[in-house]
Protein chains: 2
Amino acid sequence: MEKYDIVIIGAGPVGLMLGTIMQRWGYKVKHIDNRAEPTPTGRADGIQPRSLDLLRNMGLKRAVMAHEPAKVYEVAFWDPSARGIQRTGTWASCPKFIDARYPFTTLLHQGLIERVFIADIEKNGGRIQRPWTITGFENNGMDTEYPVEVSLAHVDGEARETVRTKYLFSGEGARSFVREKLGVQMHYKDPIAHVWGVMDGVVRTDFPDIKMKCTIHSDAGSIMVIPREDNMVRLYIQIASSTDPDWNPRKSATEQEVQDHARKILQPYYIEWDRVEWYSVYPIGQGIAEKYTLDERVFMGGDCCHTHSPKAGQGMNTAFLDAQNFAWKIHHVESGFASRNILSTYETERKLIADNLLNFDAKYAKLFSARLPSAGEVAGAHKDEPAEENEFVKTFKASCEFTSGYGVAYDPNIFNWSADHSARSPLFLTYPENTKLRTGRILIPATVTRIVDANVVHLEQEIPLNGSFRIYVFAGKPSTTHRAINDLARGLGSKRSFFGAFTREDVDSVSYHERENPHSKFFTVATVFNAPRASVDISEALPPVLARYRDHVYADDIWDHRVPDSKAAAHAKMGLDQDEGGVVIVRPDGYVGCVVKLVEGSGTIDALNDYFGAFVTKKLGGEQAQL
Amino acid sequence: MEKYDIVIIGAGPVGLMLGTIMQRWGYKVKHIDNRAEPTPTGRADGIQPRSLDLLRNMGLKRAVMAHEPAKVYEVAFWDPSARGIQRTGTWASCPKFIDARYPFTTLLHQGLIERVFIADIEKNGGRIQRPWTITGFENNGMDTEYPVEVSLAHVDGEARETVRTKYLFSGEGARSFVREKLGVQMHYKDPIAHVWGVMDGVVRTDFPDIKMKCTIHSDAGSIMVIPREDNMVRLYIQIASSTDPDWNPRKSATEQEVQDHARKILQPYYIEWDRVEWYSVYPIGQGIAEKYTLDERVFMGGDCCHTHSPKAGQGMNTAFLDAQNFAWKIHHVESGFASRNILSTYETERKLIADNLLNFDAKYAKLFSARLPSAGEVAGAHKDEPAEENEFVKTFKASCEFTSGYGVAYDPNIFNWSADHSARSPLFLTYPENTKLRTGRILIPATVTRIVDANVVHLEQEIPLNGSFRIYVFAGKPSTTHRAINDLARGLGSKRSFFGAFTREDVDSVSYHERENPHSKFFTVATVFNAPRASVDISEALPPVLARYRDHVYADDIWDHRVPDSKAAAHAKMGLDQDEGGVVIVRPDGYVGCVVKLVEGSGTIDALNDYFGAFVTKKLGGEQAQL
């Protein structure tokens, strides 16, 4: 029986993100999908600003952008007016208070995005087996290394395979065989369900905001407009709601009916379709799976675990994060770095985010569906004069951080340091008193200059998604921190440090040209000096163990308008002392683990060993540091 | 006998740029190259900042960047010191005083760049016929429409073809059959010739600037270091000069000799090669062809017309501009827009640039080759203390605008308005008194917001390289210019305006979705208002003829650090009145043609008609405007 590290069911966003990562990291992957080919038309299409960061970190952004997706910078709100509808305001899709590299939503057909992942999987020697489906699975304990037996079949019912695997992952979507077989229930938080129509097409119209994202409330109903690639536009229109007196979850509408409805809503503007690319009607409820895994061998993610309305464009983005969160944890367990018990954090972290999403979605959907007072009903208001900002607009604005993807915040746990963590050094820096970085949230973006080639780069993007913890040494002023840096390096050199304990076995034969993992796959180091680039001589400024990461040494010498008066903008943005610096540990998925003061003596390395000691497989520290 | 619009000989940078453009614009192209395949290794590799703009304007930048080229932001100067060599300074490759979108040089193997063009040609139905060569040609006047007969042969000497063409273009490189047959002489301006060695490879070294562009002068000789894609580095080393006492243009050196020489120059640093990708030795002289064409049917461009040392990275960039300059002029003649006599400006414009390049190159090469005083010889200087900035560094810094590609400046002629132009309206704005734009130079870059979708865009990139003149209406404040804009639109509506005279025949059946050329292939219009985006309603702000370019209407509402106090940064950067605006005509290749005041009445349209009237095939204006 063939054995795999992981069997992935489903090649939608969550399955493809996971498959791409596992294939890159050298795992043996069996990946099936029950569709004969990638999504041909329609379905999800929104890539939030934060997801674009992630795709770039994987080197996939350029392939996505090559399709010339639509970019949504602003959302326009349209409300009832005497003459039909009128624009009552606009709001940035990702406002300036969010420090985003790409402050827009990217709209591209799901099938094109899937193909970007598939091409990467194939480049790395993998493939998606289609159209195949899962027919059974069992964690029968007969093989402790590969405990899960999975039965697969061609959808035509003839060819069959049974394989063994370390992990089974279901990215099957809302209708999940795995979830059903496990007996995991979906909780429907909000009893209200909706039937939605969605139509992609090319239109002619004099509606001025047809290339913007718009939420339109009219006396004739509500509609959402979303621009797409290839001059297309998507319309979301609510067909039925469980609050309707004649609620029927099977209620449908023809293409023609939806177009007629849209025409009425858009009055006084006209709209005609040159062609319709895709049209679908589907019921949506806000559901969340009660468990993401039962045995930490069979896991689920994506729509399999959380369903919600499509209008906030969160589905694909949440799926991406599910997959990344899962991938690096499995990787650290399978690499012998982390204890198996870390796997429980997949569910605790990701279910929290799904919960937040559903709460937001329920509120948003309800407000969107609510009929606004028509112009005639607003007592005393001048016709055509915008009313007070309504509840919907207020909710929209308040939710920008969440919907842009930058609001994802994991609770404290073994990875996300807090005062309750087992590591208790007084050197851990806390938010907001001592650092602007928050554990469980992303590293703040900063622009710096790479020493070796003077390239101006985005620091948060410099270490690729390689499965390693990212150790950012903000080294302050070289003259101030010289001794602290050397003490840190000496501490790293100890056999009992996380550095010494997880040194790769082939460390002596690693290529001269290895940039990220010369010592260990457990971590990558980057150092940032508060100094002008040309003044930093790496071999003088850093002890050999840190100088070895020569391609990841930076000068914090680029002015930033968010901290206009600081000399070292990256240090300042992180809220670190510009002279004394600090050490920031970032998880492999880009979320901050902990922030530690950079001091002379063994304090810094001791704190780091304590932090990593909470979840690694070896005991760290404990010997008397000889400093 | 098969007939073509153009036969292109050579698929290096100039031939491929030309072939790509002509194929896109729908011409029937015969394109041959005597090599069996694109450049496999080595040769040119430097894309200057301005060339990256051009590639982006053609939608080809992303494909180039997908190869992860090296980027040179800074150049380091190394000079002799007591311990061997020392860095005496660094300088930005494209300093901040140059307003560049991409302030770096992009380094990528010529073959990869060629393939980007070839893929585009093939996507548009063309191909390069290889390995074929030209064996003869003749402008025999037997066919007035296709006057040139060209004989082609497979390089193995068996297959042969004879075709007729409107134009023959030689992009053959320094050794040109066409140039020789025409009897066009090369002028060698500087009698000094050099033999250069160039080596691409992967190295191990402790030389700290190996990923920077470096010019190194040592007591053991001089060398230039240029980083490349795939972790490679290129070394240029001078092997012989005609100023040497034992000068021999056939002098060579082995790979081993060059490496040994490099090792000596780089002392006290070590350098070892993991592998050598390419090594070549070649003689270089500063030559320029006395003519680029004799009959305005057979043309030449690229290295065929100008040869020089490779160190300033200008060859490919100059070739690109030769091709673009040639392409749009041929296009306007063949489209019936422009008189045939405009073709003479190809040589006058491009030869001037080649002349400038050769002057720069001669000076630069001479200084680079000159032995600098070694540390011991600098009387009174402290050892290891950098000397005064030497002549080489001074020349380098002074030449940044030129080497970045932004220094290209065409002299006044029929396209580049000056007081000597036949159009003499007092409304033409002049530099530096009334505008910061200079005719014959590029449009100043500016960031604006597109009205229809709120996308923040680069104005100078918004109109693609489509062969059309670009009419930028800087419309100032809508309330101020409302009447002037309407008067301009009315003037455009006249049959005797450039607009009316060159209206496309199929104007009534042009697609609703046509963005750039709804009225004519002769021009594309873009309008920029000094107003916040959400305040501009295109159908109210613009008369229908201008509103038709709805995808090219912009709000000048993005702050720019170069004009921090202005409310309308794009207007301010162009040096136009922020309330009253102005009209800027940009040639199809991106160079400013003229700048005209935007006034009420017929003055603006009259001035534009006079400007275009200087070179179009129809008489413009002359009727009494009824305003």
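Not measured: the values here are computed from a predicted model. (Residues numbered from 1 in each chain as written. Chains lettered and ligands numbered in written order. Predicted model: local features only at pLDDT ≥ 70, side-chain atom pairs only at ≥ 80, totals over all residues. Heavy atoms only, no water.)

## Comments concerning the environment of Asn57(A)
Residues and elements named next belong to chain A. Residue placement: Asn57 occurs in helix 2 (residues 49-57). A relative accessible area of 11% means that Asn57 is categorised as buried. C-alpha of Asn57 to C-alpha of Glu460: the two residues are 403 residues apart in sequence and 8.7 Å apart in space. Among all residues touching Asn57, those that are not within four sequence positions of it are Glu460, Gln461, Ile463, Pro464, Leu465 and Arg470. Engagement of the side chain of Asn57 in a polar contact is seen with the backbone nitrogen of Leu465, the distance being 3.3 Å. (Helix = DSSP H or I, 4+ residues; strand = E, 2+ residues; numbered from the N terminus. Buried < 20%, exposed > 50% of the residue type's maximum accessible area, 1.4 Å probe, protein only. Contact = heavy atoms within 4.5 Å. Polar contact = N/O pair within 3.5 Å; in protein donor to acceptor, adjacent residues only side chain to side chain.)

## Details of the interface of chain A and chain B
Facing the 30 residues of chain A at the interface are 30 residues of chain B. Summed over both partners, the interface of chain A with chain B comes to about 2700 Å²; 44% of that surface belongs to carbon and sulfur atoms. Broken down residue by residue, the surface that chain A buries against chain B is led by Arg62(A), Lys211(A) and His513(A), which jointly contribute 22%. At the boundary of chain A with chain B, the tally comes to six salt bridges. Summed over the shared surface of chain A and chain B, the result is 18 residue pairs in polar contact (both at pLDDT 80 or more). Residue assignment for the side of chain A that touches chain B shows that the elements contributing at least two residues are helix 3 (61-65), strand 6 (84-92) and strand 11 (186-205) of chain A. Broken down by element, the residue count for the side of chain A that touches chain B peaks at four residues, all from strand 11 of chain A. Within the side of chain A that touches chain B, the residues separate by chemical class into 13 nonpolar, five polar and twelve charged. (Buried area = accessible area lost by both parts, 1.4 Å probe. Salt bridge = Lys/Arg side-chain N within 4 Å of Asp/Glu carboxyl O. Nonpolar A, V, L, I, M, F, W, Y, C, P; charged D, E, K, R; others polar.)

## Overview of the UniProt feature "domain: FAD-binding" (unreviewed entry) in chain A
Mapped onto this numbering, the UniProt entry gives "domain: FAD-binding" (unreviewed entry) at residues 4-360 of chain A. Within the segment residues 4-360 of chain A, helix and strand shares are 27% and 36% respectively, and the terminal C-alpha atoms sit 38 Å apart. (UniProt positions renumbered as here; feature names shortened; annotations may be inferred.)

## Observations regarding the sheet that holds strand 24 (residues 592-596) of chain A
Residue and element names in this part refer to chain A. Spatial ordering of the open sheet is given by 19-18-22-21-20-23-24, a layout of seven strands whose pairing is mixed. The open sheet terminates on both sides in strands that have one partner only, identified here as strand 19 (456-458) and strand 24. Mean inter-strand twist for the sheet, computed between neighbouring axes without regard to direction, equals 30°. As judged from the six bridges shared by strand 20 (residues 469-474) and strand 21 (residues 523-529), these two strands associate in the parallel manner. Of the residues in strand 21, the one forming a bridge with Phe474 is Val528. (Pairing = 2+ DSSP bridges. Axes fitted to C-alpha atoms, helices over the stretch in contact; angles between N-to-C directions.)

## Topic: the packing of helix 1 (residues 13-24) of chain B against helix 4 (residues 110-123) of chain B
Residues and elements named next belong to chain B. One can describe the packing of helix 1 onto helix 4 by two numbers: an axis separation of 9 Å at closest approach and a directional angle of 20°. Here helix 4 runs roughly parallel to helix 1, going by the angle between their axes. By crossing handedness, the relation of helix 1 to helix 4 is classed as left-handed. Side by side, helix 1 and helix 4 meet where Pro13, Leu16, Met17, Gly19, Thr20, Gln23 and Arg24 of the first sit next to Gln110, Glu114, Phe117, Ile118, Asp120 and Ile121 of the second. In terms of residue class, the contact of helix 1 with helix 4 is made up of six nonpolar, four polar and three charged. (Parallel < 35°, antiparallel > 145°, perpendicular 65-115°, else oblique. Left-handed = near helix turned anticlockwise from the far one by under 90°.)

## Comments concerning the sheet that holds strand 15 (residues 271-289) of chain A
Residue and element names in this part refer to chain A. Read from one edge to the other, the open sheet built from eight strands follows the order 6-5-12-13-14-11-15-17, with strand pairing classed as mixed. A single partner strand is all that each edge strand has here, and the edge strands are strand 6 and strand 17 (306-307). As judged from the eight bridges shared by strand 5 (residues 74-81) and strand 6, these two strands associate in the antiparallel manner. The partner of Phe77 across the bridge, within strand 6, is Gly89. Where helix 8 (residues 344-369) meets the sheet, its contacts fall on strand 11, strand 12 (213-218), strand 13 (221-227), strand 14 (233-241), strand 15 and strand 17, and the angle it forms with strand 15 comes to roughly 125°.

## Considerations on the relation of the copies chain A and chain B
Superposition record for chain A on chain B: RMSD 0.0 Å, screw rotation 180°, translation along axis 0.0 Å. Read as a symmetry element, the transformation amounts to a two-fold axis. Taking C-alpha positions as the reference, the residue of chain A nearest the rotation axis is Arg62(A), at 3.6 Å. Interface residue correspondence from chain A to chain B reaches 100%, placing this contact among same-surface, isologous pairings. (Least-squares fit on C-alpha atoms with pLDDT ≥ 70 in both.)

## What to know about the confidence of the model for chain A
Residue and element names in this part refer to chain A. Per-residue pLDDT for chain A averages 92, and the proportion of residues at 70 or more is 96%. With pLDDT under 50 throughout, residues 375-386 is counted as low confidence; its partners more than four residues away or in other chains account for 13 contacts. Model confidence for the complex: the whole-complex pTM is 0.93, and ipTM, which rates the interface, is 0.92. (pLDDT = per-residue confidence, 0-100.)

## A closer look at the state of the cysteines
Residues and elements named next belong to chain B. Tallied over the full model, the rule gives zero disulfides over all chains. Here Cys94 stays free of any disulfide, with the sulfur of Cys400 as its closest cysteine sulfur at 7.5 Å. The thiol of Cys305 is not disulfide-bonded; the next cysteine sulfur, from Cys304, is found 4.8 Å away. The class for Cys305 is buried, based on a relative accessible area of 0%. (Disulfide = S-S within 2.5 Å.)

## A short note on the environment of Asp551(B)
Mapped onto the elements, Asp551(B) comes out in the loop between helix 14 (544-547) and strand 22 (553-555). Relative accessible area serves as the criterion here: at 9%, Asp551(B) is assigned to the buried category. When the C-alpha positions of Asp551(B) and Ile118(B) are compared, they lie 30 Å apart, and in sequence the two are 433 residues distant. Those residues in contact with Asp551(B), other than ones at most four positions away along the chain, are Lys211(A), Arg450(B), Val452(B), Glu462(B) and Arg515(B).

## Focus: the pattern of salt bridges
Tallied over the entire structure, the rule returns 88 salt bridges over all chains. A salt bridge links Glu229(A) to Arg228(A); its shortest N-O distance comes to 3.3 Å. The pair formed by Glu229(A) and Arg228(A) is uniform in burial state, with each residue classed as buried. One salt bridge connects Arg164(B) with Glu149(B), and the closest N-O pair in it is separated by 2.9 Å. With Arg164(B) in strand 10 (residues 160-170) and Glu149(B) in strand 9 (residues 148-154), the pair connects residues that are 15 residues apart, well separated along the chain.

## Regarding the packing of helix 2 (residues 49-57) of chain B against helix 7 (residues 315-334) of chain B
When two helices pack together, their arrangement is given by the angle between the helix axes and the distance between those axes. Residues and elements named next belong to chain B. Between helix 2 and helix 7, the shortest axis-to-axis distance is 10 Å and the interhelical angle comes to 45°. Taken together, the axes of helix 2 and helix 7 are oblique relative to one another. Between helix 2 and helix 7 lies a crossing whose hand is left-handed. Residues Ser51, Leu54 and Leu55 of helix 2 touch helix 7, and the partners they reach there are Asn317, Phe320, Leu321 and Gln324. Class assignment for the residues of the contact of helix 2 with helix 7 results in four nonpolar, three polar and no charged.

## Examining the packing of aromatic side chains
Applying the stated criterion to the full structure yields 74 aromatic pairs over all chains. When the centroid spacing of 5.8 Å and the interplanar angle of 65° are considered together, the rings of Tyr292(B) and Tyr346(B) count as edge-to-face. Placement of Tyr292(B) in the loop between strand 15 (271-289) and strand 16 (298-300) and of Tyr346(B) in helix 8 (residues 344-369) is noted, with a sequence separation of 54 residues between them. In terms of burial, Tyr292(B) and Tyr346(B) fall into one category: buried. Relative to Phe502(B), the ring of Phe337(B) has its centre 5.6 Å away and its plane inclined at 85°; by these criteria the two rings are edge-to-face. Taken together, the residues span a long stretch of sequence, with Phe337(B) in the loop between helix 7 and helix 8 and Phe502(B) in the loop between helix 12 (498-501) and strand 21 (523-529) at a distance of 165 residues. For the pair formed by Phe337(B) and Phe502(B), the shared burial category is buried. Following the ring pairs from residue to residue traces out a cluster consisting of Trp328(A), Phe337(A), Phe415(A), Phe469(A), Phe498(A), Phe499(A), Phe502(A), Phe522(A), Phe523(A), Tyr611(A), Phe612(A) and Phe615(A). (Phe/Tyr/Trp six-rings, centres within 6.5 Å; stacked < 30°, edge-to-face > 60°.)

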